[in-house]
Amino acid sequence: MHIVSLAGGIGGARFLRGLRATEPDATITVIGNTGDDITLFGLRVCPDLDTVMYTLGNGIDEEQGWGRAKESHVVKEELAAYGMEPQWFGLGDRDFATHIVRSQMLAAGYPLSQITEALCARWQPGVRLLPMSDDRCETHVVIEDEHGKRAIHFQEWWVRLRASVPAQSFALVGADTAKPAPGVLEAVEEADVVILPPSNPVVSIGTILQIPGIRDALTPKTVVGVSPIIGGAPVRGMADACLTAIGVETTAQAVLELYGPDLIDGWLVAEEDEGVALDGVRVVARPILMHDAEAAADIARTALDLALELT
Ligand code: GDP
Ligand code: FO1
Ligand code: CA
Ligand code: CA
C-alpha cells in the first residue's frame, strides 16, 4: 500500500509515528511544509521538516515537540555574547549541525529535496520525506502595531510575538512561481489513499495546498483528514489565531468547510464534535487526542480504515 500524507511539525510528526506503527509494511510519502523555513545566521532552518525527521528518527525533544533531545545551547550563548540577532529563536548545538549540513549542500547547488534525503539517511525515519517544493517559499504575516502596518516572517509572529498581535493576513512569498518538489506529484498519483494529519490547517496544510498543482493532484484521490480542532479549540499551539486571521471559526466544522468537500472524503472529529456534517463527506467521531504513541496509532488506524473503506 502507498500512503501519501501532508505534514506540518508536531501534530503531523506525532500522527505519522502512529501511521507508521499501524501499517508498517506501507510505503509512506510525506509532503512536508517548508513555509516555516527561515535563514538565521546564514543558515537555512526548516523547522517542520526537521520536526518530522527527528520525531520519526527518535531524535526529538519529546516534551518540547521540536528540536533535539539532550540539547545544549553553547553556540546560542556565544552568538548572544556577540550581540547577534535574533535572540528570540533558540537554536540548539546539535540542531545547528543539521542546519550547517543543509546550508553547505544548498551552497553547493543541491536542491532541498536531495538534501532532505541526505539528512534522512542518518535518521532513517521510515517514511519518504519530501519538501512541498524545492523553491524557496516563506510564510509572512501582515500585522499592524506601533511601528505601523508591515509584513514579518512567520517565525517572528509565532515565536517572538506568540501570535499576540493579530494577523491581518498571511502571504506565502514565492508560491505563485513555486513548483512541487520532484516526486511530490508522482507520489500523489501513485497513492492508494491520502491522509491529512491534524496539522495546522492554515500555516501547515493550507500552505502545502497553495503550491500550484498539489491541491489539484489530491482531489481525485481518497482523502481523509483528522481535525486539529477539538471542542472549539486547538489541541496545542495557536491555530485559533491563524484561523481567525483568515476569517474561519475555530471549530472542526469550519476547518472541514475550509478544506472543502472537493478535497475531503472522510473527516475524523472528536466525540464531542459529533454532529459535524458536510454533504459528500463521511464524518466519523472518535477519540482523536494523541496523548501517547499508542493513541496516535489508534487514530491513524481509524483514519486509514476510513480511507480504505471510501476507496
Ligand atoms: P506545528 O507545525 O508544530 O505547529 O505542527 P502541525 O501543524 O503539524 O500541528 C499543529 C496542530 O496539531 C495544532 O493545530 C494542534 O491543534 C494539532 N494537534 C496537536 N496535538 C493534537 C492531538 O493530539 N490531536 C489532534 N486532533 N490535534 C492535535
Ligand atoms: N519554537 C519556539 O517557540 N521557540 C524557539 O526558540 C524555537 C526554535 C526552534 C528551532 C528549531 C526548530 O526546528 C524549531 C524551533 N521552534 C521554536 C519551533 C518552530 O519554529 C515552530 O513551532 C513552528 O515552526 C511552528 O509550526
Ligand atoms: Ca509548522
Ligand atoms: Ca477525493
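Up top you'll find the structure we're talking about.
What you see is a predicted model, and the numbers here were worked out from it, not measured in a lab. (Residues numbered from 1 in each chain as written. Chains lettered and ligands numbered in written order. Predicted model: local features only at pLDDT ≥ 70, side-chain atom pairs only at ≥ 80, totals over all residues. Heavy atoms only, no water.)

Caption draft 1: How the structure looks around the site of ligand 2. The immediate surroundings of ligand 2 are formed by 14 residues, with Asp36, Trp66, Gly90, Gln155 and Arg162 found nearest. Asp36 places a polar side-chain atom, nitrogen or oxygen, 2.8 Å from an oxygen atom of ligand 2. Residue Trp158 places a side-chain N or O atom 3.4 Å away from an oxygen atom belonging to ligand 2. Where the shell around ligand 2 is concerned, the elements lending two or more residues are helix H2 (47-56) and helix H6 (154-160). Element by element, the count of residues in the shell around ligand 2 is highest for H6, at 4 residues. Across the shell around ligand 2, the residue classes break down as 8 nonpolar, 2 polar and 4 charged. (Near = heavy atom within 4 Å. Polar contact = N/O pair within 3.5 Å; in protein donor to acceptor, adjacent residues only side chain to side chain. Helix = DSSP H or I, 4+ residues; strand = E, 2+ residues; numbered from the N terminus. Nonpolar A, V, L, I, M, F, W, Y, C, P; charged D, E, K, R; others polar.)

Caption draft 2: Broad picture of the side chain of Asn33. Within the element layout of this structure, Asn33 appears in the loop between strand S2 (27-32) and strand S3 (38-40). Using a relative accessible area of 0% as the deciding quantity, one classes Asn33 as buried. Reaching out from Asn33, the side chain makes a polar contact with the side chain of Asp36 at a distance of 3.1 Å. Those residues within four positions of Asn33 in sequence are excluded, and the remaining contacts are Ala7, Gly8, Asp48, Leu49, Met132, Val203, Ser204, Thr207 and Ile208. (Buried < 20%, exposed > 50% of the residue type's maximum accessible area, 1.4 Å probe, protein only. Contact = heavy atoms within 4.5 Å.)

Caption draft 3: Up close: the pattern of salt bridges. Per the stated rule, a full pass over the model turns up 11 salt bridges. For Arg301, the salt bridge goes to Glu23, with nearest N and O atoms at 2.7 Å. Taken together, the residues span a long stretch of sequence, with Arg301 in helix H12 (residues 293-310) and Glu23 in the loop between helix H1 (10-22) and S2 at a distance of 278 residues. Residue Arg301 is classed as partly exposed on the basis of its relative accessible area of 24%. Salt-bridge contacts for Arg102 lead to Asp50; the nearest nitrogen and oxygen are separated by 2.5 Å. Here Arg102, found in helix H4 (residues 93-107), pairs with Asp50, found in helix H2; they are 52 residues apart in sequence, far enough to count as distant. You can call Asp50 buried: its relative accessible area is 4%. Sharing partners across several salt bridges, the network here consists of Glu23, Arg301 and Asp305. (Salt bridge = Lys/Arg side-chain N within 4 Å of Asp/Glu carboxyl O.)

Caption draft 4: Looking closely at the pairing of strand S13 (residues 266-269). Because side chains alternate across S13, one face comprises the buried residues Gly266 and Leu268, and the other comprises Trp267 and Val269, equally buried. Note that S13 and strand S14 (residues 282-285) share 4 bridges and pair parallel. Each residue of the ladder has a partner; that of Val269, found in S14, is Ala285. (Pairing = 2+ DSSP bridges.)

Caption draft 5: Representation of the coordination of the calcium ion (ligand 3) within the structure. Within the protein, the calcium ion (ligand 3) binds to Asp36 (OD), Asp48 (OD) and Asp48 (OD); these donor distances fall in the range 2.2 to 2.5 Å. With Asp36 in the loop between S2 and S3 and Asp48 in helix H2, this pair connects stretches of sequence that are 12 residues apart. Note on accessibility: Asp36 and Asp48 belong to one class, buried. (Donors = N, O, S within 2.8 Å, 3.2 Å for Na, K, Ca; no water.)

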